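Survey of secondary and tertiary structure
The residues making up each chain are set out below.
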Amino acid sequence: MKDVLTAPFMVEMIRTVTNMYAHGWDERNGGNVSVMLDESQVREYLDGAGVKLKIPTGFTAPSLDGKYFLVTGTGKYFKNVQYAPEVNLGIVRLTAYGELAELIWGFEDGGSFTSEFPAHMMSHVARLKADPQNRVVMHCHPANLLAMTYVHPLDEREFTRTLWQMCTECIVVFPEGVNVLPWMLCGTNEIGEATAEKMQTARLVVWSQHGIYGAGKDLDETFGLIETAEKAAEIYMKIAHLPRLNTITDEQMHLLEKRFGIKAREGYLED
Ligand code: 13P
Ligand code: ZN
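These numbers come from a predicted model, not from an experiment.

Of all the positions in helix α2 (residues 39-46), only V42, Y45 and L46 are classed as buried. On an axial view of α2, the arc spanned by its buried residues comes to 75°, and they lie on one face. With its phi angle positive at about 80°, G48 sits one or two positions after the end of α2.

One turn of an α-helix holds 3.6 residues; hence residues three or four places apart share an orientation. Taking 1.5 Å as the rise per residue, helix α5 (residues 117-130) with 14 residues should run 20 Å; its terminal C-alpha atoms sit 20 Å apart, in good agreement. With 12 of 14 residues buried, α5 lies mostly within the body of the structure. For α5, the set of buried residues is F117, P118, A119, H120, M121, M122, S123, H124, V125, A126, R127 and L128.

With that settled, consider the environment of G192. As for its position among the elements, G192 is in helix α9 (residues 189-199). Using a relative accessible area of 0% as the deciding quantity, one classes G192 as buried. Contacts of G192, omitting those with residues within four sequence positions, involve P118, A119 and M122.

Quick look at the site of ligand 1 now. Near ligand 1 you find N29, G30, G31, N32, T74, G75, T114, S115, E116, H139, H141 and H210, and these make up its full shell. Interatomic distance of 2.8 Å between a side-chain N/O atom of N29 and an oxygen atom of ligand 1. Within the contact set of ligand 1, an oxygen atom lies 2.5 Å away from a side-chain nitrogen or oxygen of E116. Here ligand 1 has 310 Å² of accessible area as a free molecule, and 93% of this is covered by the chains. Partitioning the shell around ligand 1 into residue classes produces no nonpolar, 11 polar and one charged.

Another aspect to go through is the sheet that holds strand β1 (residues 32-37). The mixed open sheet is built from nine strands, whose spatial order is β2-β5-β4-β3-β1-β6-β9-β8-β7. Here the strands that pair on one side only, and so sit at the sheet edges, are β2 (53-56) and β7 (179-181). Each strand axis lies, on average, 25° off the axis of its neighbour in the sheet, ignoring direction. With four bridges joining them, β1 and strand β6 (residues 136-140) adopt antiparallel strand pairing. From the neighbouring strand, N32 faces β6, where its bridge partner is H139. Docked against the sheet, α9 engages β7, β8 (204-207) and β9 (211-216), running at close to 165° with respect to β7.

So, how was this worked out
- Residues numbered from 1 in each chain as written.
- Chains lettered and ligands numbered in written order.
- Predicted model: local features only at pLDDT ≥ 70, side-chain atom pairs only at ≥ 80, totals over all residues.
- Heavy atoms only, no water.
- Buried < 20%, exposed > 50% of the residue type's maximum accessible area, 1.4 Å probe, protein only.
- Helix = DSSP H or I, 4+ residues; strand = E, 2+ residues; numbered from the N terminus.
- Arc of directions from axis to C-beta.
- Expected span 1.5 Å × (residues − 1).
- Contact = heavy atoms within 4.5 Å.
- Near = heavy atom within 4 Å.
- Polar contact = N/O pair within 3.5 Å; in protein donor to acceptor, adjacent residues only side chain to side chain.
- Areas by Shrake-Rupley, 256 points an atom, 1.4 Å probe, with all protein chains shown as cover.
- Nonpolar A, V, L, I, M, F, W, Y, C, P; charged D, E, K, R; others polar.
- Pairing = 2+ DSSP bridges.
- Axes fitted to C-alpha atoms, helices over the stretch in contact; angles between N-to-C directions.

What follows is the structure, encoded as structure tokens:
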């Protein structure tokens with residue numbers, strides 16, 4: 001059988017979390033990533049692999065029954081993933097309407113999937129409904145987006161408009177805007193449900209005073225979404241205390257809509 005460490009999905013996951021750490025988004029064990037895998041991808045590398053462990057998830061997600069996920073471990077440091085992927089990552093299959101996760105590979109030190117598993121799985125459910133191509137949910141703690149949640153109103157329209165105004169291409173990358181949750185206790189089903197609800201209308205959900213969630217069809221797209229929002233937040237944090245002499249106007253945003261064939265979230269731009 002082929003070595004799962006050479007699988008493109010594994011190589012890409014290791015590269016991505018290494019890059020997230022290099023960007024300073026994932027101090028210590030901060031952040032978590034889950035990628036939904038096709039059964040054929042898993043069979044190619046792990047056919048016949050037994051179930052190592054059955055872990056109760058603490059929630060129900062019938063639409064994910066039988067689905068496989070490559071996921072980061074709880075308490076694991078992204079900086080270490082490249083040196084010991086089989087300890088820091090795991091491949092699980094959800095069964096019993098999502099109430100059980102069968103560990104097929106990984107977490108070799110007896111570890112388990114991220115404490116944010118509910119937010120990840122519930123977000124997958126929500127995003128798959130909005131876009132059947134969605135495969136990735138990513139959470140991290142980028143400093144400028146986090147900083148912004150201390151000094152900027154959390155109103156989603158205002159928050160989105162500020163980010164759009166910070167770089168010309170923001171509105172092109174996330175025309176649906178950014179949804180925002182107030183501070184909530186992390187690692188719970190409650191924050192998972194709240195995140196999933198916000199994921200129905202946007203691929204980016206800010207967790208105030210904590211971090212951000214992104215979703216997309218692959219790791220590159222999802223990383224790029226967070227990277228773009230974080231860049232905009234960085235510019236905001238550089239200029240927020242200075243008089244604003246110039247900005248990107250709504251009229252100019254409408255030109256971007258036409259040029260790039262995108263549609264800004266309804267009601268977020270003035271006519
Ligand atoms: P885990 O180590 O359990 O993935 O938690 C990290 C984190 O960022 C919690 O929000
Ligand atoms: Zn976190």
